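# Remarks on the overall topology
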Amino acid sequence: MKPVRVIAVSGGKGGVGKTSVSVNLAVALADAGRQVMLLDADLGLANVDVLLGLSPRFTLADVIEGRCTLEDTILEGPHGLAVVPASSGKRAMAELSAPEQVGLIRAFSELERDIDVMVVDTAAGIHDSVLTFAQAAQDVILVVCNEPASITDAYALIKVLSRERGVNRVHIIANMVRSPAEGRELFDKLSRVTDRFLDVTVSLLGIIPHDEWLRRSIQRQQAVVEAFPACPSAHALRGIARRIDQWSAPTGPRGPVEFFVERLVAPPEAHV
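So, here's what we can say about the structure. (Residues numbered from 1 in each chain as written. Predicted model: local features only at pLDDT ≥ 70, side-chain atom pairs only at ≥ 80, totals over all residues. Heavy atoms only, no water.)

### Overview of the pattern of salt bridges
- On inspection of all chains with the given rule, the structure shows 14 salt bridges.
- We note a salt bridge from Lys2 to Asp114, for which the minimum N-O separation is 3.6 Å. Highlighted residues: Lys2 in the segment before β1 (5–10) and Asp114 in the loop between α6 (98–107) and β5 (117–122), separated in sequence by 112 residues.
- Where Glu212 meets Arg215, a salt bridge forms, and the shortest distance between an N and an O atom there is 2.3 Å. Taken as a pair, Glu212 and Arg215 lie in helix α10 (residues 212–219) at a separation of three residues, close to a single helical turn.
- Connected through salt bridges with shared partners, the residues Lys2, Asp114 and Asp116 form a single ionic network. (Salt bridge = Lys/Arg side-chain N within 4 Å of Asp/Glu carboxyl O. Helix = DSSP H or I, 4+ residues; strand = E, 2+ residues; numbered from the N terminus.)

### Concerning the packing of α6 against helix α7 (residues 128–135)
- Contact geometry for α6 and α7: axes closest at 10 Å, N-to-C directions at 35°. Crossing angle aside, the handedness with which α6 passes α7 is right-handed. Taken together, the residues of α7 that come into contact with α6 (itself represented by Gln101, Leu104 and Ile105) are Asp128, Ser129, Thr132 and Phe133.
- Looking at the contact of α6 with α7 residue by residue, the class counts come to three nonpolar, three polar and one charged. (Axes fitted to C-alpha atoms, helices over the stretch in contact; angles between N-to-C directions. Left-handed = near helix turned anticlockwise from the far one by under 90°. Contact = heavy atoms within 4.5 Å. Nonpolar A, V, L, I, M, F, W, Y, C, P; charged D, E, K, R; others polar.)

### Observations regarding unusual backbone geometry
- Its identity as a non-glycine residue notwithstanding, His79 has a phi of 60°, on the positive side.
- Structurally, His79 can be placed in the loop between β3 (75–76) and β4 (82–84).
- For His79, a relative accessible area of 40% gives the class partly exposed.
- Although it is not a glycine, Met176 sits at a positive phi angle of roughly 60°.
- Structurally, Met176 can be placed in strand β7 (residues 169–177). (Buried < 20%, exposed > 50% of the residue type's maximum accessible area, 1.4 Å probe, protein only.)

### Notes on the packing of helix α1 (residues 18–31) against helix α12 (residues 232–245)
- Running from N to C, α1 and α12 cross one another at 65°; their axes reach a closest spacing of 9 Å. Considering the relative orientation of α1 and α12, their crossing is right-handed. Contact residues: Val21, Asn24, Leu25, Ala28 and Leu29 in α1; Leu237, Arg238, Ile240, Ala241, Ile244 and Asp245 in α12.
- Here the contact of α1 with α12 is built from residues that sort into eight nonpolar, one polar and two charged.

Here is the structure:
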């Protein structure tokens, strides 16, 4: 099986549009012909299935409690997108132990699916599950909006990921901004403090404008790239998806806790 590029999407705080970004990037990549899996890793307050109008029979809570396999949870979204739903309102899922989180990550190695990209929509904040899922991905995207709490919490998450989990590269998406200039200014505010105090490379992956069409697509339970493909936010999200699609494939694991780690370890050469 080929290597899988795993991308964790997070936000220092709730309300920054993290899940909407995750859903739309996954749908846009699937529309571009990639085999994509979208994992709802906001384990206690899941809503990826709601945003896509899907009705799960099983969730990750059923996997953890032994009622089904991981494969049993998978739903089909737009363009063949494979969606792994989590549960909402289950405190036990939000408080999984570190070994349980690692066990869940390793369970993905048992899937026999051909996958190019997996997008992981994490919870907000600096909970252990956020850190573990981000550490287990090759790339971390942080969604930030232009308000002081969002910038402060984004910096806090980058700091903890860097110092406790060894994550040294983070991609930033400036979301819900009124202009490209505001998006760049937002990124500059964050990068100035990370450059000064942290050994982390931050890069501006994209800027998504504030867009009434995006709100309407959420009400319709559709990705905006599908519901209103010509609107400003859909155009921006597809541009970000194209940039992600141009990233080179992972060549090897970064650490011991990683999604699909077996697919990243080259098999030994056969002896003749």
